[in-house]
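What follows is the residue order along each chain.
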Amino acid sequence: MAGWIQAQQLQGDALRQMQVLYGQHFPIEVRHYLAQWIESQPWDAIDLDNPQDRAQATQLLEGLVQELQKKAEHQVGEDGFLLKIKLGHYATQLQCSSPAGILVDAMSQKHLQINQTFEELRLVTQDTENELKKLQQTQEYFIIQYQESLRIQGEARWRHSVHPEGGSEERSMGSYRGGLGLEVFWLNQAGRGGPSRVGLLECEKLAEIIWQNRQQIRRAEHLCQQLPIPGPVEEMLAEVNATITDIISALVTSTFIIEKQPPQVLKTQTKFAATVRLLVGGKLNVHMNPPQVKATIISEQQAKSLLKNENTRNECSGEILNNCCVMEYHQATGTLSAHFRNMSLKRIKRADRRGAESVTEEKFTVLFESQFSVGSNELVFQVKTLSLPVVVIVHGSQDHNATATVLWDNAFAEPGRVPFAVPDKVLWPQLCEALNMKFKAEVQSNRGLTKENLVFLAQKLFNNSSSHLEDYSSLSVSWSQFNRENLPGWNYTFWQWFDGVMEVLKKHHKPHWNDGAILGFVNKQQAHDLLINKPDGTFLLRFSDSEIGGITIAWKFDSPERNLWNLKPFTTRDFSIRSLADRLGDLSYLIYVFPDRPKDEVFSKYYTPVLAKAVDGYVKPQIKQVVPEWLWPSFCLFPPSPDPASHPDPGPSFLPDPVLDQDGEFDLDETMDVARHVEELLRRPMDSLDSRLSPPAGLFTSARGSLS
């Protein structure tokens with residue numbers, strides 16, 4: 001913040017020069033209110049011309065927007081009302097300048113161009129319709145005159161009078177041909193690459209225009225049959241008709257889409273759903289004879305053969321129950337779709353595996369196919385579409401590895417690839433972007449992975465101690481490193497650890513992560529360095545290295561033995577018994593959330609309320625977390641405080657050595673035994689207790705952490 005403080009001292013020309021640097025692209029208010037955050041970021045380390053730095057630049061911009069939104073939310077009172085609106089507007093403005101915002105703007109421009117093309121198509125079609133009506137009127141008039149001439153003047157007089165009309169007819173047909181040819185050109189331009197480039201409304205507009213053109217061609221053919229005229233008219237109409245039929249075919253086949261994809265991790269004997277839709281079905285009146293859609297599961301090799309138009313002899317790689325569905329027309333929305341609500345994969349036939357490939361790396365796809373007619377059976381179409389890659393599992397324990405396969409495929413597959421080819425190696429910045437997107441989607445949080453988080457992950461993956469993110473920007477990550485080989489010194493892969501973090505946050509700690517209460521991505525040594533100079537009672541929450549999906553508490557308290565303590569990691573099972581907030585509330589010697597936020601200020605709103613009254617005459621017991629080693633009188637009499645001098649040293653005997661391991665971690669495996677025994681003692685009158693009810697020898701000394 002020192003730089004901004006110095007800037008505020010500027011005067012005269014220097015002040016005006018500084019003001020020129022700021023404007024709508026970066027308001028000076030943003031620089032002022034986020035001065036400390038802005039000056040702490042590594043802006044100089046980013047090379048704008050280096051594609052590898054784009055991910056880091058995007059993260060910095062997202063971080064800036066998040067900080068600005070937080071600043072706006074904290075503005076209260078009458079004075080802060082206008083500032084809140086202003087800062088919120090700046091956050092939105094900066095967000096639009098992000099790559100996502102630029103992409104949206106580019107899509108808007110593309111959408112505008114498409115709409116302009118459709119307007120031109122509509123005008124050309126209308127002109128063609130007008131020309132066709134004039135042609136029909138001219139022809140009808142010509143026939144009447146022709147019959148009248150036969151009756152009155154005879155054949156010779158008729159030949160002399162009919163030539164000018166015939167020339168008009170040919171000129172009208174020529175005009176029609178020119179207009180229709182221009183229209184077919186525009187239709188080709190609008191439909192090039194398949195209608196997947198445009199939205200539903202555009203597809204419907206295109207279908208309506210194409211079908212109107214086909215009807216115009218049929219009317220022109222009918223006029224030619226009524227009055228054959230020498231010349232290339234019939235050949236021209238046949239050529240235009242073939243072109244328009246090809247366009248209809250391309251439109252129909254490419255707008256048969258999967259609206260709701262089947263799950264990409266598909267478990268056998270488990271119900272799943274999917275929805276397919278024909279975007280132009282309503283406009284082409286396909287619902288008048290609703291078609292049936294069939295779903296089958298095919299292998300990667302069968303998908304390749306299908307796209308090559310090779311005969312697969314209706315082969316499949318498994319059996320799907322309830323795999324046929326009739327398309328339904330929804331009149332209110334004008335949509336034609338088939339809803340598969342109760343499909344189930346009964347069995348799967350796997351291919352021979354290659355090398356170290358596991359069953360969770362084998363990809364399948366669900367093939368949806370149908371046949372229907374358009375225009376009173378004039379045109380018959382056979383349509384097919386493939387789902388996204390699917391990994392089939394038979395047990396829930398395979399879910400994590402299957403999800404890794406899906407993530408790698410979705411993130412790094414190239415457009416137009418051969419099914420389902422993906423690169424074996426990607427650059428670390430590419431993987432960072434994919435992990436950040438997956439993390440925010442799974443945890444459903446706007447708080448993504450920061451630069452420090454990504455450095456931690458890089459250190460973990462590459463077994464490297466460098467704390468500079470740019471040191472990893474040129475490194476490649478292979479699929480084997482990602483989820484086939486265990487991390488050095490551990491019995492799990494990189495993805496398994498990362499997926500465990502996302503799962504525990506998603507199930508139990510989403511609000512705490514969003515509040516910034518969980519630091520998370522730090523190791524034991526980094527936690528020690530962060531806490532060493534903090535007051536006693538300061539703690540942080542980090543993701544465990546030894547336990548997948550585990551969260552451990554590290555806290556500062558000076559003692560003769562050590563000054564940093566680590567509680568054995570809690571897992572999803574522990575948090576299903578008692579929440580993280582309640583566990584922290586139970587431990588009174590934990591006072592400050594790192595760096596200096598009072599614990600109750602952060603977690604009190606998540607504490608479970610205590611029921612003061614009995615229900616149906618019964619008093620409800622409570623489970624409470626305790627750490628036996630921290631129940632000694634010295635801790636009860638002298639709770640930790642920011643100033644260690646405020647209470648006497650409890651002495652070297654306050655912690656019994658046998659209950660601590662070498663890392664200073666407490667074991668909570670025997671918590672329920674202790675809880676049940678204490679609960680039994682509390683229920684009995686004091687005079688009824690005898691020595692037989694005393695706890696077994698060593699029970700409390702062997703339990704490193706417990707619930708009571």
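Residues numbered from 1 in each chain as written. Predicted model: local features only at pLDDT ≥ 70, side-chain atom pairs only at ≥ 80, totals over all residues. Heavy atoms only, no water.

An unreviewed UniProt entry annotates the protein chain as Signal transducer and activator of transcription originating from Rhinopithecus bieti. In its Sequence similarities (unreviewed entry) section, UniProt records this for the protein chain: "Belongs to the transcription factor STAT family." (UniProt positions renumbered as here; feature names shortened; annotations may be inferred.)

Draft legend 1. Here's a closer look at the sheet that holds strand β10 (residues 379-386). Taken in spatial order, the 4 strands line up as β6-β4-β9-β10 in an open sheet, and their pairing is antiparallel. Each edge of the open sheet carries a strand with a single partner, namely β6 (324-326) and β10. Taking the axes of each pair of neighbouring strands and ignoring which way they run, one obtains an average angle of 25 degrees across the sheet. In this structure, strand β4 (residues 292-299) lies alongside β6, joined through 3 bridges in antiparallel fashion. Bridged to Val293 within β6 is Cys325. Running over the sheet, helix α10 (residues 233-254) touches β9 (364-374) and β10 and is turned about 35 degrees from β10. (Pairing = 2+ DSSP bridges. Helix = DSSP H or I, 4+ residues; strand = E, 2+ residues; numbered from the N terminus. Axes fitted to C-alpha atoms, helices over the stretch in contact; angles between N-to-C directions. Contact = heavy atoms within 4.5 Å.)

Draft legend 2. Molecular detail of helix α13 (residues 428-443). Over its 16 residues, α13 extends 22 Å from the first C-alpha to the last, a length consistent with the 22 Å expected when each residue adds 1.5 Å. Residue Gln444 follows α13 closely and has a positive phi angle near 55 degrees. (Expected span 1.5 Å × (residues − 1).)

Draft legend 3. Spotlight on the packing of helix α12 (residues 399-412) against α13. It is at 10 Å that the axes of α12 and α13 come closest, and there the two elements cross at 115 degrees. Pair α12 / α13 crosses with right-handed handedness. Contacts between α12 and α13 involve Thr403, Leu407, Ala411 and Phe412 from the former and Gln430, Leu431, Ala434, Leu435 and Lys438 from the latter. For the contact of α12 with α13, a count of residues per class yields 6 nonpolar, 2 polar and 1 charged. (Left-handed = near helix turned anticlockwise from the far one by under 90°. Nonpolar A, V, L, I, M, F, W, Y, C, P; charged D, E, K, R; others polar.)

Draft legend 4. Just the pattern of salt bridges, in detail. Across all of its chains, the model carries 16 salt bridges by this definition. With a closest N to O distance of 3.9 Å, Asp536 and Lys556 form a salt bridge. Taken together, the positions of Asp536 in the loop between α17 (524-531) and β14 (538-543) and Lys556 in strand β15 (residues 551-556) put the pair 20 residues apart, joining distant regions of the chain. The residues Asp536 and Lys556 share a single accessibility class, namely buried. The partner of Asp558 in a salt bridge is Lys556, with the nearest N and O atoms 3.9 Å apart. Asp558 sits in the partly exposed class, given a relative accessible area of 37%. For Lys556, a relative accessible area of 5% gives the class buried. Several salt bridges converge on common partners, so that one network encompasses Lys363, Asp409 and Arg417. (Salt bridge = Lys/Arg side-chain N within 4 Å of Asp/Glu carboxyl O. Buried < 20%, exposed > 50% of the residue type's maximum accessible area, 1.4 Å probe, protein only.)

Draft legend 5. Examining the side chain of Thr385 more closely. With respect to the helices and strands, the residue Thr385 is situated in strand β10. Sequence-distant contacts of Thr385, defined by excluding residues within four places in its chain, comprise Phe256, Ile258, Val366, Leu367 and Phe368.

Draft legend 6. Examining the environment of Asp558 more closely. Structurally, Asp558 can be placed in the loop between β15 and β16 (564-567). Along the sequence, Asp558 and Gly537 sit 21 residues apart, while their C-alpha atoms lie 9.5 Å from each other. Beyond its immediate chain neighbours, meaning those up to four positions away, Asp558 contacts Asp536 and Asn563.

Draft legend 7. Focus on the nonpolar core. Trp428, Phe439, Leu457, Phe482, Phe498, Phe521 and Ile553 are the most contacted members of the largest nonpolar core, which has 60 residues in total. Residue contributions to this core peak at 9 residues, all from helix α16 (residues 494-514). Not counting residues within four places of it along the chain, the set of residues in contact with Phe521 comprises Phe439, Leu449, Asn453, Phe456, Leu457, Trp497, Phe498, Val501, Trp513, Gln526 and Phe543. Leu251, Val293, Ala295 and Leu336 belong to the second-largest nonpolar core, a separate cluster that totals 54 residues. (Core = buried A, V, L, I, M, F, W, Y, C linked by side-chain atoms within 4.5 Å.)

Draft legend 8. Focus on unusual backbone geometry. Phe420 follows Pro419 through a cis peptide bond whose omega is -20 degrees. Residue position: Phe420 is located in the loop between α12 and β12 (425-427). Look at Gln269: it is not a glycine, yet its phi comes out positive at around 60 degrees. Turning to its location among the elements, Gln269 is positioned in the loop between β2 (265-267) and β3 (271-278).

Draft legend 9. Up close: the packing of α13 against α16. As a packed pair, α13 and α16 sit with axes 9 Å apart at the nearest point and diverge in direction by 40 degrees. It follows from the interaxial angle that α13 and α16 lie oblique. Crossing hand, α13 versus α16: right-handed. Contacts from Leu435, Lys438, Phe439, Glu442 and Val443 in α13 reach Phe494, Trp495, Phe498, Val501, Met502, Leu505, Lys506, Lys510 and Trp513 in α16. Class assignment of the residues belonging to the contact of α13 with α16 gives a composition of 10 nonpolar, no polar and 4 charged. (Parallel < 35°, antiparallel > 145°, perpendicular 65-115°, else oblique.)

Draft legend 10. Quick peek at the packing of aromatic side chains. Considering all chains together, one arrives at 24 aromatic pairs under this definition. Taking the centre distance of 5.8 Å and the plane angle of 40 degrees together, the rings of Phe456 and Trp497 count as tilted. One end of the pair, Phe456, is in helix α14 (residues 451-462); the other, Trp497, is in helix α16, and 41 residues separate them in sequence. For the residue pair Phe456 and Trp497, the accessibility class agrees, reading buried in each case. Look at Phe482 and Phe494: their rings are 6.2 Å apart centre to centre, the planes differ by 50 degrees, and that puts the pair in the tilted class. (Phe/Tyr/Trp six-rings, centres within 6.5 Å; stacked < 30°, edge-to-face > 60°.)

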